[in-house]
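Take a look at the letters that make up each chain.
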Amino acid sequence: MTKQSYPTQWRRPPQIIQAKHWRYLVTFGVLLYLIMAIGTVEVNWGRVVEGVERGQRFIAGFLQPDFTTRWRDISRGLIESLTMTFTSTVVGVLISIPIGVGAARNLAPRWVYYVCRSVIAVSRSLQEIIVAIFFVALFGFGAFAGFLTLTFATIGFIGKLLAEDIEDIDEAQAEAVRATGASWLQLINYAVQPQVMPRLIGLSLYRLDINFRESAVIGIVGAGGIGATLNTSLSRYEYDSSGAILIIIIAIVMMTEYSSSHLRRWVK
Amino acid sequence: MTTTPTTQTPTPVWHPRTPKARITLWFFWLLTVALFVYCWNLMTANTMWVFVYDAPQAASDLFNRAFPPRWTYMERLWKPLWDTINIATLGTLLGIMMAVPLAFLAASNTTPSKVFLRPFALFCIVTSRSINSLIWALLLVSILGPGLLAGILAIAFRSIGFIGKLLYEAIEETEVSQVEAITATGASQAQILNYGIVPQVLPAFYGISVFRWDINIRESAILGLVGAGGIGSQLQASMNVLAWPQVMVILVVILGTVVVSEWVSAWVRKAVI
Amino acid sequence: MLTVDKLNKTYKTGDKALTDVSFTVPKGQVVGLIGPSGAGKSTLIRCINRLVEPTSGSVRLNDTEISRLSVGELRRARRRIGMIFQEYALVERLTVMENVLSGRLGYVPFWRSFLRKFPGDDIAKAYRLLDRVGLMAHADKRADALSGGQRQRVGIARALEQDPELMLIDEPTASLDPKTSRQIMRLLVEICAESSLPAIINIHDVVLAQQFTDRIIGLQAGQVVFDGSPNELTEAVLTQIYGEEDWTAMRRGAAEDAEAEAEAHRETEKLMSAL
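Along every chain, residues carry numbers that run from 1 in the direction the sequence is written. By the order in which they are written, chains take letters starting at A while ligands take numbers starting at 1. Totals for whole chains, interfaces and linings use every residue, but because this is a predicted model, local features are given only for residues with pLDDT of at least 70 and side-chain atom pairs only at 80 or more, for both listing and counting. Computation of side-chain values covers all heavy atoms of the structure but excludes hydrogens and water.

Caption draft 1: Inspection of the overall build of chain B at higher detail. Summing up its helical and strand segments, chain B has 10 helices and zero strands in all. By definition, any uninterrupted DSSP run of H or I lasting at least four residues is a helix, any uninterrupted run of E lasting at least two residues is a strand, and each is numbered from the N terminus. Each helix (α) and strand (β) of chain B, taken in turn from the N terminus, gives the series α-α-α-α-α-α-α-α-α-α. A compact globule built from 273 residues would reach a C-alpha radius of gyration of about 19 Å, whereas chain B, at 27 Å, exceeds it by more than 25%. Dimensions along the principal axes, computed over C-alpha positions, put chain B at roughly 85 × 70 × 35 Å. In the form shown here, chain B has an accessible surface area of approximately 13,600 Å², with 72% of it arising from carbon and sulfur atoms. In this description the radius of gyration comes from C-alpha coordinates, and the expected globular size is given by 2.2 Å times residues to the power 0.38. Here, Shrake-Rupley sampling with a 1.4 Å probe gives the accessible areas, and only protein chains in the shown set may cover a residue.

This is the structure we're talking about:
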């Protein structure tokens, strides 16, 4: 081997931003932002110290939950949440099917496509809570407003994913059915439905799960469900009841997640 | 197709499904409908239908009062908007810091103890995921008092579960051959992580973080409703005094922010991956 | 010098992958390990650096009894054994240079490897090796930007970066086209000759094995059925190794192969779980 000298220095080439000055500029910008952002956080330390004690009480309440004292409120909220979840998922999925089909570029005429896409866009960009505030203002307090909120949110969620699935279907199969002289409805029935059905069921189960979690929240603005109960118990500093409610929510979420993953596997 | 009928059996009637499957399916649909009707009755037992019938009237009233939006209110929204973005960003960063170690503890191929630490990490992740950030905010405001800190922590606690779950799944999907090759060089455990696992999950990690940041912008916009700072406080205040023209402006600002953050996150994800 | 003595491996499922395998590889000898798929070639090679834990028997590299080392000692032993893999097993998202330098991981402390601040000698050595395998210009590219043959060269450089006293080479040509296969085999043999390294090449292509190795060991159902020079490998011996049309044995072998892989993965997992 020839005695040739090789460099003894090596630096990893930058992976994301190649240009040197840009890298410095971005790093500087990020640091500056962080300093400014952290600067805006005003912490009232006296209040925090006070909070430590309350936090301990909350943890104690979580570890020794009290299911009995407020059981009537809890069970009412729970029933509202569960019924709201189920009915809104069913109605939401039923409505989102035509909307999803309409929002699929390969099936719908131009104008229908734009109408359906804008329905989906509106539904997706509005926070559930904000929608709930409006529905409560219009339909009064209670589970019905919650039901409408969740239905509305479900339409955007399922509609978008369903439309994307339909756009991804195997064109060859649709072509084959079209070649038999099938009508538009027959095309949907024979070429599209079999391909997207399992996925639709999976999505609905997934949404059921999300709707339950959301139903626990929209009660805070008056749309019924377990969230209202939780809100009341927290504002009364009854941490043992709050702990009980949180444990119930966690348990139900775990259960739905577990069973829906099983069901999805079974549907496939 | 065949021209010679060989047997005397009658032509079988074709069904798309076996009889048993059909009955199960019907039963399933029947059950769904029955459950739906039952749930509907339970849910609407306390509904005041008068309000519902009045809803169209109420809606038109509301819109009449909300229009035109009071655009001059904008100048008082910049600070809350800045707060909202800070809550989302700082909350996401804090969430990432807590989620990354948890993800390594929860992934079956990197966890130090399958019996104790892995279930613990999984439990933390599930708990964080089950509790919506608004509920976290409710709790933290009740404990720490209102303000940005409660909002940041609420966003962070909710993000742990999301980032932790997706990240540990990404860690479990890493290619074993690359890890094996690093092991064969005599590397220590920490070096195996650094060279074998981390490079493989890094793109997923960036994608997940930016995605969560985008979601957090949406969520932090409403945290103010329960006193955790940001533009939601303004929303709450305006609604309390029924200042609907101001509410309209706030909603437009929130919508605009959401659209921009979605665009930014899509752009970053494309640039990184 | 590598001495393998009465090595046995029985998997948890009860499948016997290796039965009393014994041989000695002197310095500078390149041994081709042939046999039908699943004869235990993969298992044998991984038992030597204990990516798969042998059930009984001894593996001795120079003066070290590898089969009885503690975890820390095993790390030090492993860094002296270079390994080259069938699917290259490069860390795809790291640069070529980092992949080569990862051969030094057993020698450097964590902070150095974490900051990519390897000692100057290691870096010079890595450059020399990259030059040797003809990839000097590709040092800063990411490994997944290279072709199959180039990746295998990086794999070779990584193994050599370890300053190995033994090379374990697992099907180096399985994912390559015939021409590249030849180039890679030639490179391997040359490199072993340059520093008189002993090597075991696990290879299914008999013609390549005969052309490039000094000695051939034939495995069949976990037992050594041939051990001699390449030109002693007659038709009759091949029939003995590969069988006439013994498909059942082949299929059982495939299952064993999968088993070896799974066990190797479990081992890796166990290692990681010691963190």
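Caption draft 2: Geometry of the sheet that holds strand β8 (residues 199–202) of chain C. Residues and elements named next belong to chain C. Only strands joined by at least two bridges in the DSSP assignment are considered to pair. If you walk across this open sheet you meet the six strands as β6-β7-β8-β3-β9-β10, and the pairing is mixed. Edge positions in the open sheet fall to β6 (81–84) and β10 (223–228), since each of these has one partner strand only. Each strand of the sheet is rotated relative to its neighbour by a mean of 20°, with strand direction disregarded. Alignment of strand β9 (residues 215–220) against β10, held across five bridges, turns out to be antiparallel. Its bridge partner lying in β10, I217 is registered against D227. Contacts are assigned to residue pairs that have any heavy atoms within 4.5 Å of one another. Here an axis means a line fitted to C-alpha atoms, over the contact stretch when the element is a helix, while the angle between two N-to-C directions is reported on a 0 to 180 degree scale. Along the sheet face, helix α1 (residues 41–48) touches β3 (30–34), β6, β7 (166–170), β8 and β9 and points at about 150° away from the line of β7.

Caption draft 3: Structural context of unusual backbone geometry. All names here are of chain C. A positive phi angle, near 50°, is found at N62, a position not held by glycine. On the secondary structure map, N62 appears in the loop between β4 (56–61) and β5 (64–65). One non-glycine residue, A89, lies in the positive phi region at around 55°. Mapped onto the secondary structure, A89 falls in the loop between β6 and α3 (96–101). The buried label applies to any residue whose accessible area, calculated with a 1.4 Å probe on protein chains only, is under 20% of its type's maximum; exposed applies above 50%, and partly exposed to all values in between. Judged by its relative accessible area of 3%, A89 falls in the buried class.

Caption draft 4: Quick look at the packing of helix α3 (residues 71–102) of chain A against helix α8 (residues 184–218) of chain A. Residues and elements named next belong to chain A. Running from N to C, α3 and α8 cross one another at 150°; their axes reach a closest spacing of 8 Å. The element α3 and its partner α8 pack so that their crossing is right-handed. The segment α3 lies against α8, with S81, L82, M84, T85, F86, S88, T89, V93, I97 and V101 engaging W184, I188, L200, S204, L208, N211, F212, S215, A216 and I218. Throughout, the ten residues Ala, Val, Leu, Ile, Met, Phe, Trp, Tyr, Cys and Pro are labelled nonpolar, Asp, Glu, Lys and Arg are labelled charged, and all others, Gly among them, are labelled polar. For the contact of α3 with α8, a count of residues per class yields 13 nonpolar, seven polar and no charged. Working rule for handedness: look at the near helix, and if it is turned counterclockwise from the far one by less than a right angle, call the crossing left-handed; if clockwise, right-handed.

Caption draft 5: Main features of the sheet that holds β5 of chain C. All names here are of chain C. Taken together, the four strands give an open sheet; going across it, the order is β2-β1-β4-β5, and neighbouring strands pair in antiparallel fashion. The outermost strands of the open sheet, each flanked by one partner alone, are β2 (16–25) and β5. Against the sheet, α1 touches β1 (2–10), β2 and β4, its axis set at about 60° to β2.

Caption draft 6: Region of interest: the environment of Q191 of chain B. Inspection of the secondary structure puts Q191 of chain B in helix α8 (residues 189–220). Along the chain, Q191 of chain B and P146 of chain B lie 45 residues apart, while their C-alpha atoms are 44 Å from each other. Apart from residues no more than four positions distant in its own chain, Q191 of chain B is found in contact with I182 and G196 of chain B together with R75, L105, V108, P109, F110 and S113 of chain C. Between N or O atoms, a polar contact is any pair within 3.5 Å; within protein, one atom must be a potential hydrogen donor and the other a potential acceptor, and residues adjacent in sequence are included only when both atoms are from side chains. A distance of 2.9 Å separates a polar side-chain atom of Q191 of chain B from the backbone nitrogen of S188 of chain B.

Caption draft 7: Region of the structure containing the packing of aromatic side chains. Aromatic rings from Phe, Tyr and Trp, with only the six-membered ring used for Trp, were paired whenever their centres fell within 6.5 Å, and each pair was classed as stacked if the ring planes differed by under 30 degrees, edge-to-face if by over 60, and tilted otherwise. Under the defined criterion, the tally for this structure stands at 18 aromatic pairs over all chains. Centre to centre, the rings of F135 of chain A and F139 of chain A are 5.8 Å apart; their planes meet at 55°, and the pair counts as tilted. Placement of both F135 of chain A and F139 of chain A in helix α5 (residues 128–139) is noted, with a separation of four residues, approximately one turn of the helix. As far as the burial class goes, F135 of chain A and F139 of chain A line up, both buried. Members of the aromatic cluster, each reached through a chain of ring pairs, are F135, F139, F144, F147 and F152 of chain A together with F36 and W40 of chain B. Throughout this description, the term charge over a ring refers to an Arg CZ or Lys NZ atom that lies within 6 Å of the ring centre and within 35 degrees of the ring normal. Seen from the ring of F157 of chain A, R207 of chain A lies directly overhead, with NZ or CZ sitting 5.1 Å from the centre. The ring of Y195 of chain B has R116 of chain C sitting right over it, with the charged end atom 4.4 Å from the ring centre.

Caption draft 8: Here's a closer look at the packing of helix α4 (residues 110–125) of chain A against helix α6 (residues 143–167) of chain A. Residue and element names in this part refer to chain A. Interaxial distance between α4 and α6 falls to 8 Å at its minimum, and their mutual angle equals 130°. Classed by the angle they form, the pair α4 and α6 counts as oblique. As for the relative orientation of α4 and α6, their crossing is left-handed in sense. In this structure, α4 uses Y113, R117, V119, I120, V122, S123 and R124 to contact α6, whose residues at the interface are F152, A153, I155, G156, F157, G159, K160, A163 and E167. Counted by class, the contact of α4 with α6 contains nine nonpolar, three polar and four charged residues. These descriptions rest on fixed angle ranges, namely under 35 degrees for roughly parallel, over 145 for roughly antiparallel, 65 to 115 for roughly perpendicular, and the rest for oblique.

Caption draft 9: Highlighting the pairing of β7 of chain C. All names here are of chain C. Counting buried positions over the five residues of β7 gives five, a clear majority of the element. Note: β6 against β7, four bridges, orientation parallel. From the neighbouring strand, I84 faces β7, where its bridge partner is I169. One ladder, built from four bridges, connects β7 with β8; its direction is parallel. Bridge assignment links I169 to a residue of β8, and that residue is I201. For crossovers, right-handed means that the path from the first strand over the helix to the second runs clockwise, given strands pointing away from the viewer. Each parallel crossover has a hand, and the one from β7 via helix α7 (residues 178–194) to β8 is right-handed.

Caption draft 10: Examining the side chain of S233 of chain A more closely. Residues and elements named next belong to chain A. Considering the arrangement of structural elements, one finds S233 in helix α9 (residues 226–235). Among the residues examined, S233 registers a relative accessible area of 3% and is labelled buried. Of the polar contacts made by the side chain of S233, one reaches the backbone oxygen of L230; its length is 3.0 Å. In contact with S233, other than residues within four places in its own chain, are E238, S241, S242 and I245.

Caption draft 11: Structural context of the interface of chain B and chain C. Taken residue by residue, the interface counts 28 residues in chain B and 38 residues in chain C. Accessible surface is computed with a 1.4 Å probe, and the buried area is the amount of it that two parts give up when combined, taken over both parts together. Among the residues chain B hides against chain C, the three largest losses belong to E180, Q189 and Y195 of chain B. Together they make up 24% of the total. Throughout this description, the term salt bridge denotes a Lys or Arg side-chain nitrogen within 4 Å of a carboxyl oxygen of Asp or Glu. One can count one salt bridge joining chain B with chain C. Two residues, E180 of chain B and R46 of chain C, come together in a salt bridge whose shortest N-O distance is 2.9 Å. The interface formed by chain B and chain C includes seven residue pairs in polar contact (both at pLDDT 80 or more). Only α7 (176–184) and α8 of chain B provide two or more residues apiece to the side of chain B that touches chain C. Counting residues per element, the side of chain B that touches chain C draws most heavily on α8 of chain B, which supplies 10 residues. Along the lines of polarity and charge, the residues of the side of chain B that touches chain C split into 14 nonpolar, 12 polar and two charged.

So yeah, pure geometry; function would need other evidence.
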